[in-house]
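# Close look at the chain arrangement
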Amino acid sequence: MLTVITQVPYPSWLNVGDNTWQLVAATFVGLMSLPALAVLYASLVQKKWAVNVLGMMFAGFSIVMVCWYLYEYKMGFGPNSWGGGVKNGVQTQLSGVGGWTHFIDNLWGKPGSITSPAGEQGQAISAANTAIPFHFPTSTLAYFQFVFAAITPLLFMGSVLGRIKFSAWCLLVPLWSTFVYSIDAFLLWGGGYFAQEGALDFSGGYVIHMSAGVSGFVAAWVLGPRLLRDRQHAIPNNLVMAAVGAGILWLGWNGFNGGDPYYAGADAAAAVVNTNLATAAGVLVWVAMDAWFTKEKKPTFLGAVNGMICGLVGITPSAGWVNGQGAIAVGVICTAVVWVAWNYLSKVRPFSKVDDALGVIYTHGMAGLIGGLLVGVLGDPNMVEYGCGHLDAAGQVVATTQNSYVATSAHCTPFSVSGLIYTGSAHQLWEQFRAAVWVILWSAVITFILMKLIGLVLRGARYKDEVLEVGDLAIHGEEAFPEATLAERVGAFSMAGVTSSSEPSEELPSDRPGS
């Protein structure tokens, strides 16, 4: 018997565990940008560029946040597409529609704000998930997807460091996020064309990493190389802080992949474990290949970081769809291929002619591509993301045993991915290939156009050489590691007459007569 109506903390469609995990996972992913990626990139560049890296990181993160809630979220995950292929979160053109019409009608979500009370507190509705109702509000889903949208341009910032204007960056981020990221997100995640065709990307191997790698490479090509001196002396300024950033990045990835089933279930746990297995394998492979196959034959810490990133990126498209052995295989394969590309492919055109400052095209672009294709090879049909059972009127799981969860019935088939090695069918591999070709071409073409337009508007998207010679002090008036002396002290402390306890103090002259 129901009690009388009284105040309650949330409606019955909200599941506390799912909502909590999704918010925690989103926070983990946010920490991957700030501070992890900011600290990692700022530590890997020359010290004269550290402040510039930090400034562009915080600015880019903030720009995407505002754009995402004002209009971009609905472009990538909204309930309706421009052409009407998705209506009220339902895919309406799963059959009987011509190929070109099907593509156009399911290309892009309709933009719109989600800052109203209903937009923030109402139950999330998106064609990103059509089988099971979301157990959390739109604000939870939107924030989780925002931190993915935010980190993507920050990743490819690593390609253009050391020459792009701060103003050019602040124009590129919202434009790229609007015309590249939101379209790819809707096509693959938001229930758009490639999602309907069967292409899969568990957590962003294509939408985030491959797109970032390609876009960064094209942007670096348009900008031109860094100063010769900067390229010849590209020495990290602080490997210890780089380790801090890399460590937070690794563990933050638990939320990156663990949050993408959208529910705090068994597949979320499997995705977290697989993420760490692939990453550990990547670290070991890169370190071993450095020690065995380089001229110096030394295991390097920077090599370990590269291997870590390759493992993380490689497993991202398949984290919840491969088993543990598959995860290790992903880490080994992606890292080995990228190591070879890093050491040998970088010496041939066009890679030898483009100054990709931190090698984003390799560790993100190539690793994302290989990992995405491996979904069609290593996907295990016994790794169930969504099983079969019973939902009550509020959409909560009830009366579902493990046996019924994994069993196929006349009314329900558990959702998993069937790779080539399990089924002998290359169908999934073909769908992965088609989606990869689109993301590569779209990212490259639109990034090229945007960089050219920004260059026209700003009369050049890169700083002049005399500014590049100085770096942070010329651009921001700040230094990450200032060599302050008593006579050179500036800023709030000197304005207030405050001195460091380690330096001799000197009283200011008195205004009194005779002083």
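Let us look at the structure shown here. (Residues numbered from 1 in each chain as written. Predicted model: local features only at pLDDT ≥ 70, side-chain atom pairs only at ≥ 80, totals over all residues. Heavy atoms only, no water.)

### Observations concerning the overall build of the protein
Our working rule: Counting from the N terminus, the helices are the DSSP runs of H or I reaching at least four residues and the strands are the DSSP runs of E reaching at least two. With a 1.4 Å probe rolled over the protein chains alone, any residue whose accessible area is under 20% of its type maximum counts as buried; one over 50% counts as exposed, and the rest are partly exposed. Residues count as neighbours in contact if any of their non-hydrogen atoms are within 4.5 Å of one another. In this description, accessible areas are obtained by the Shrake-Rupley approach with a 1.4 Å probe, and a residue is regarded as covered only by the protein chains that are shown. His is not counted here, nor are the chain ends, while Lys and Arg score as positive and Asp and Glu score as negative. Charge positions are represented by NZ for Lys, CZ for Arg, CG for Asp and CD for Glu.
For the protein, the helix and strand inventory stands at 20 helices and 4 strands. Residues counted as buried form 52% of the 515 residues belonging to the protein. Within the protein, contacts between residues separated by at least 24 positions form 80% of all contacts whose residues are at least 6 apart in sequence. Of the roughly 23,100 Å² of accessible surface on the protein, 65% is carried by carbon and sulfur atoms. With 23 positive and 30 negative side-chain charges, the protein shows a spacing of 12 Å between the two charge centroids.

### Some details on the side chain of T152
Positionally, T152 belongs in helix α5 (residues 138-160). Under the relative-accessibility criterion, T152 is labelled buried at 0%.

### Focus on the side chain of S81
Its location among the elements puts S81 in the loop between α2 (50-77) and β1 (86-87). Given a relative accessible area of 2%, S81 falls into the buried group. If sequence neighbours within four positions are ignored, S81 has contacts with V86, D105, N106, W108, G109, K110 and F186.

### Brief notes about the nonpolar core
For the record, the criterion: Working definition of a nonpolar core: buried Ala, Val, Leu, Ile, Met, Phe, Trp, Tyr and Cys residues. They are joined through side-chain atoms within 4.5 Å.
Core analysis: the largest hydrophobic core is formed by 122 residues, its most contacted members being Y41 and Y181. Contacts of Y41, omitting those with residues within four sequence positions, involve V53, M57, L154, L155, M157, G158, L161, L358, V360 and H364.

### Digging into the packing of aromatic side chains
Operational definition: Only centres within 6.5 Å qualify two rings of Phe, Tyr or Trp (six-membered ring in Trp) as a pair; their planes then separate them into stacked at under 30 degrees, edge-to-face at over 60, and tilted for everything else.
For the coordinates displayed, the defined rule picks out 37 aromatic pairs. Each ring, one from W221 and one from F448, has its centre 5.7 Å from the other, and the planes form 25°; the classification is stacked. Taken as a pair, W221 in helix α8 (residues 205-223) and F448 in helix α17 (residues 427-458) lie far apart in primary sequence, 227 residues in all. Its relative accessible area of 31% is what places F448 among the partly exposed residues. Within the aromatic cluster, the residues linked to one another by ring pairs are W68, Y73, F77, F134, F136, F144, F148, Y181, W189, W253, F256 and Y262.

### Topic: the pattern of salt bridges
To keep it simple, the criterion reads: By convention in these notes, a salt bridge is any Lys or Arg side-chain nitrogen within 4 Å of a carboxyl oxygen on Asp or Glu.
Using the criterion set out here, one finds 5 salt bridges in the structure. Among the ionic pairs, R229 bridges to E469, the shortest N-O distance being 3.1 Å. Placement of the pair is R229 in helix α9 (residues 228-232) and E469 in helix α18 (residues 465-470), with a sequence separation of 240 residues. The salt bridge involving R434 is made with E431; its shortest N-O contact spans 2.9 Å. With R434 and E431 both in helix α17 and 3 residues apart, the pair spans about one turn of that helix. Overall, R434 belongs to the partly exposed group, its relative accessible area being 21%. Assessed through its relative accessible area of 4%, E431 is described here as buried.

### Quick word on the environment of L171
Structurally, the position occupied by L171 is in helix α6 (residues 166-188). L171 gets classed as partly exposed once you look at its relative accessible area, which sits at 32%. Along the backbone, L171 and L458 are 287 residues apart, and their C-alpha atoms lie at a distance of 9.9 Å.

### Some details on the state of the cysteines
Here is the rule: Here, a disulfide means two cysteine sulfur atoms that sit within 2.5 Å of each other.
Scanning all chains against the criterion turns up 1 disulfide. Across a sulfur-sulfur distance of 2.0 Å, C388 and C412 are joined as a disulfide pair. Across the S-S bond of C388 and C412 the torsion is about -90°, and the bridge reads as left-handed. Note that C388 is positioned in the loop between α14 (360-378) and β3 (390-391) and C412 in the loop between α15 (402-406) and α16 (420-423), a separation of 24 residues in sequence. Summary of cysteine pairing: C67 is not part of a disulfide, and the nearest cysteine sulfur, belonging to C170, is at 11 Å. A disulfide-free cysteine, C310 has its sulfur positioned 7.5 Å from the sulfur of C334, the nearest such atom.

### Considerations on the packing of helix α10 (residues 239-258) against helix α11 (residues 266-293)
Our working definition: Note on geometry: axes are lines fitted to C-alpha atoms, helical ones only across the stretch in contact, with angles between N-to-C directions running from 0 to 180 degrees. Under this scheme an angle from 65 to 115 degrees is roughly perpendicular, one under 35 degrees roughly parallel, and one over 145 degrees roughly antiparallel; angles in between are oblique. Crossing handedness is defined as follows: a turn of the near helix away from the far one that is anticlockwise and smaller than a right angle gives a left-handed crossing, while the clockwise case is right-handed. Here the nonpolar group is Ala, Val, Leu, Ile, Met, Phe, Trp, Tyr, Cys and Pro; Asp, Glu, Lys and Arg are the charged ones; every other residue, Gly included, is treated as polar.
Two elements in contact, α10 and α11, have axes whose closest approach is 8 Å; the angle formed by their N-to-C orientations is 140°. In terms of orientation, α10 and α11 fall into the oblique class. Crossing angle aside, the handedness with which α10 passes α11 is right-handed. Together, W250, L251, W253, N254, N257 and G258 of α10 and A268, A271, V272, T275, N276, T279, A280 and V283 of α11 make up the contact between the two elements. Of the residues that constitute the contact of α10 with α11, the class distribution is 8 nonpolar, 6 polar and no charged.

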